Amino acid sequence: HWRKFATAAVVHGGADAILRPMWENRVKSFPWYARGQEASYAACFRRFVDVTRRVSGAQFRYDWCLHAGGGINADTTYPGDEHVDIIGLDFYDSGFTTLSPSVRWTKQTTGPYGLNWHKAFAAKHGKPRSFPEWGVIDSGHGGIGDNPYYVEKMCAEIKAADVEYADYFEVNARDGAHRLMPGSWANFPKSAAKLQALATA
């Protein structure tokens, strides 16, 4: 299956794609949930990389991407420098709903597998960082909703020299609304305006 996938990617113009296999390994609902099987997770990641790299014409890069927060000692799931090109972090404005935006940001930054960990771990391994998913979230699922302060801080973080890429999660998912586009469910107008202003500055 992995060879077929990689071959199709090469044939259809995606030979140099960034691949993010087995992302967010602390999420219990994912089949690759790594708690209690950290070594197996790392071995499976390496196997995926080895198989897809061998496909003729492949020039893929591989993003080992965690989800900010605790619940697992994710460091022990690292597949190794030979099999990882980018250290990713999915970083949403979730948790700490009763705190001010600035205090909330500090806790998110210093908390388990937050931004401070992300910077230090990537630097230790000599890898660039990424934010494959980031965004505000509706208050019904752990977020405070419209939060332009978070958007401003994230945009500053994304502009750091060691950040390879970032993607705003413009999706209203099952676990919460994130979309900034006007007319969408749970639109966040202040956050949208802040992102637009910073993106065009």
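Below is a summary of the structure that appears in this document.

On to the pattern of salt bridges. The final tally for this structure, using the stated rule, is nine salt bridges. When the shortest N-O distance is used, the salt bridge between K119 and E157 registers 3.6 Å. Of this pair, K119 sits in helix α4 (residues 115–125) while E157 is found in helix α5 (residues 148–158), placing the two residues 38 residues apart along the sequence. Given the relative accessible area of 10%, E157 is considered buried. Between K194 and E152 there is a salt bridge, with its nearest N and O atoms 3.9 Å apart. One end of the pair, K194, is in helix α6 (residues 189–200); the other, E152, is in helix α5, and 42 residues separate them in sequence.

Within the structure shown, the criterion is met by one cavity of 30 Å³ or more. Taken as a whole, the largest cavity spans an internal volume of roughly 30 Å³. Along the walls of the largest cavity sit E24, N25, R26, L66, H67, A74 and Y113, which together make up its complete lining. When its residues are assigned to classes, the lining of the largest cavity shows three nonpolar, two polar and two charged.

Here we have five strands laid out as an open sheet, ordered β1-β2-β3-β4-β5, and parallel in their pairing. Edge positions in the open sheet fall to β1 (18–19) and β5 (163–168), since each of these has one partner strand only. In terms of strand pairing, β1 meets strand β2 (residues 61–67) through two bridges, oriented parallel. For L19, the partnering residue across the bridge sits in β2 and is Y62. Contacting β1 and β2, helix α2 (residues 38–53) runs over the sheet at an angle of about 155 degrees to β2.

What counts and what doesn't
Residues numbered from 1 in each chain as written. Predicted model: local features only at pLDDT ≥ 70, side-chain atom pairs only at ≥ 80, totals over all residues. Heavy atoms only, no water. Salt bridge = Lys/Arg side-chain N within 4 Å of Asp/Glu carboxyl O. Helix = DSSP H or I, 4+ residues; strand = E, 2+ residues; numbered from the N terminus. Buried < 20%, exposed > 50% of the residue type's maximum accessible area, 1.4 Å probe, protein only. 1 Å grid on protein atoms, 1.4 Å probe; cavity = no way out; pocket = protein on both sides within 12 Å on 5 of 7 lines; lining within 4 Å. Points joined across faces, edges and corners; volume = space filled by probe spheres on them. Nonpolar A, V, L, I, M, F, W, Y, C, P; charged D, E, K, R; others polar. Pairing = 2+ DSSP bridges. Contact = heavy atoms within 4.5 Å. Axes fitted to C-alpha atoms, helices over the stretch in contact; angles between N-to-C directions.

Geometric descriptors of this kind do not, in isolation, establish any biological role.
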